[in-house]
Amino acid sequence: MAMTLLTNNTDQLYEALINRDRSYDGHVFVCVTTTGIFCRLSCPARKPKRENVFFCDSVAACLEEGYRPCQKCHPLEAGGHVDPLFRHLMARLDENPDHIWSEDDIVRLGFDPSTVRRIFKRRIGMTFLELARLKRASRGAELLSHGQPVIEAQLSAGYDSGSGFREAILKLIGHPPKAIQNRTLLKAAWIETPIGEMLAVSDQHVLHLLEFFDRKGLLTELKKLQAVTRSSISFERTSVIDKVEAELGDYYQGKSCHFETPLAKVAGGFAPLVWEALRQIPAGETRSYSELARALDRPTAVRAVARANGQNQIAIIIPCHRVIGADGTLTGYAGGLWRKDWLLRHEKKYFA
């Protein structure tokens, strides 16, 4: 997120937040990471801890970060008189957030679309239709984060098109900041597979993430990836994504289980050791968590191995699906146990 001269003095702004300083109303807003809402600095609500906030200089910036307006201080109404047209359309949007709004709807309500655009741009920095789309995408993201199946989240958010929903979600969690100087942009694209779509994220050199789209926690993984790489994500293909798509095509067709796509390196810690050990398990074979721990000369680290297995963000290539329970049963797989079973059967059939 880009900082401005007004918002880069976070210590001063946090002090103003504690003191409920009204002089910043309409000029600076606080986003609270633990609640997902944004407020005026004069908000009467209980004040969050310093490490759980950041500041934006516009309502649009808060909304684009995925935050909802506070119901106590009503930040959308900060700064004096609120145009009745603005208030009316905001009420209609709250009444039916899943409606797919168009200019025709605005005309049917008796308003001039150009007037509506001007009022909303002046007040919150985006048009009414842009706000409506953002709210729908935010609703979809929230439903996904709670584990709702993709198609249900898509329809609940008012998207008839699966591709439109996916692009909206990706834009929501990876909206490019205003200034991206000295940052490496990550690119993302969808890859069709026989067992569901996968999301691939890479830079121009290495692959950072490869996951099934309906994996629970995918949005959290993407946000964490952005934080670690200090980057944003845009919807665009790269040569790295083209390469992994071709290799996945050979894998799913039973032609090859050999992957040469370069992977992003993760410095230090135990997890990278586990991931490398996973890559040493031959296709068509499985290992238990305890066997994997012994192979790493850490026989008592079974739980740590299981935790690292669950943190893997490169499905198929780092084959965490090849780890099963000590009794031979299938254990948890973020992509779904049915996929784990499919992958093991597929590898046994073609590559054992």
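These numbers come from a predicted model, not from an experiment.

## Thoughts on the pairing of strand β6 (residues 198–202)
Part 1 of the argument: Counting buried positions along β6 yields five of five residues, so the element is predominantly enclosed.
Part 2 of the argument: The alternating pattern of β6 places Met198, Ala200 and Ser202 on one face and Leu199 and Val201 on the opposite face, and all of these are buried.
Part 3 of the argument: Counted along the chain from strand β5 (residues 186–191) to the antiparallel partner β6, the turn is six residues long, and its residue Gly196 has a positive phi close to 120 degrees.
Part 4 of the argument: Pairing of β6 with strand β7 (residues 207–212), which is carried by five bridges, proceeds in the antiparallel orientation. Its bridge partner lying in β7, Met198 is registered against Phe212.
Part 5 of the argument: Between β6 and β7, which pair antiparallel and follow one another directly, the connecting turn spans four residues.

## Some points on the packing of helix α3 (residues 84–95) against helix α5 (residues 113–124)
Part 1 of the argument: Look at α3 against α5: their axes get within 10 Å of each other, and the N-to-C directions meet at 90 degrees. Relative to α5, α3 is oriented roughly perpendicular. Across the interface between the two elements, Leu85, Phe86, Leu89 and Met90 from α3 touch Thr115, Val116, Ile119, Phe120, Arg123 and Ile124 from α5.
Part 2 of the argument: Partitioning the contact of α3 with α5 into residue classes produces eight nonpolar, one polar and one charged.

## Quick look at the side chain of Ser202
Part 1 of the argument: Take Ser202: it is sitting in strand β6.
Part 2 of the argument: One polar contact links Ser202 to Thr238, side chain to side chain, over a distance of 2.7 Å.
Part 3 of the argument: Each residue touching Ser202, except ones within four places of it in the same chain, is listed here: Leu185, Leu186, Lys187, Leu207, His208, Thr238, Val240 and Ile241.

## Examining the packing of aromatic side chains
Part 1 of the argument: In total, this model carries 10 aromatic pairs according to the counting rule given.
Part 2 of the argument: Relative to Phe128, the ring of Phe120 has its centre 5.3 Å away and its plane inclined at 65 degrees; by these criteria the two rings are edge-to-face.
Part 3 of the argument: Note on Tyr251 and Phe259: the rings are 5.9 Å apart at their centroids and 45 degrees apart in plane angle, and the pair reads as tilted. Each member of the pair, Tyr251 together with Phe259, is buried.
Part 4 of the argument: These aromatic residues form a ring-pair network of at least three members: Tyr251, Tyr252, Phe259, Trp342, Tyr350 and Phe351.
Part 5 of the argument: If you follow Arg298 out to its NZ or CZ, it ends over the ring of Phe270, 4.5 Å from the centre.

## Details of the confidence of the model for the chain
Part 1 of the argument: Looking at the chain, the pLDDT average stands at 82 and 82% of residues meet or exceed 70.
Part 2 of the argument: Ranking the helices and strands of the chain by mean pLDDT puts helix α10 (residues 239–252) first, with 95, and helix α8 (residues 162–173) last, with 66.
Part 3 of the argument: The low-confidence segment residues 1–5 (pLDDT under 50) makes 12 contacts with residues lying over four places distant or belonging to another chain.
Part 4 of the argument: Per-residue pLDDT stays below 50 along residues 175–182; that stretch engages in 14 contacts with residues further than four places along the chain or on separate chains.

Reading the values: the criteria
- Residues numbered from 1 in each chain as written.
- Predicted model: local features only at pLDDT ≥ 70, side-chain atom pairs only at ≥ 80, totals over all residues.
- Heavy atoms only, no water.
- Buried < 20%, exposed > 50% of the residue type's maximum accessible area, 1.4 Å probe, protein only.
- Helix = DSSP H or I, 4+ residues; strand = E, 2+ residues; numbered from the N terminus.
- Pairing = 2+ DSSP bridges.
- Axes fitted to C-alpha atoms, helices over the stretch in contact; angles between N-to-C directions.
- Parallel < 35°, antiparallel > 145°, perpendicular 65-115°, else oblique.
- Contact = heavy atoms within 4.5 Å.
- Nonpolar A, V, L, I, M, F, W, Y, C, P; charged D, E, K, R; others polar.
- Polar contact = N/O pair within 3.5 Å; in protein donor to acceptor, adjacent residues only side chain to side chain.
- Phe/Tyr/Trp six-rings, centres within 6.5 Å; stacked < 30°, edge-to-face > 60°.
- Lys NZ or Arg CZ within 6 Å of the ring centre and 35° of its normal.
- pLDDT = per-residue confidence, 0-100.

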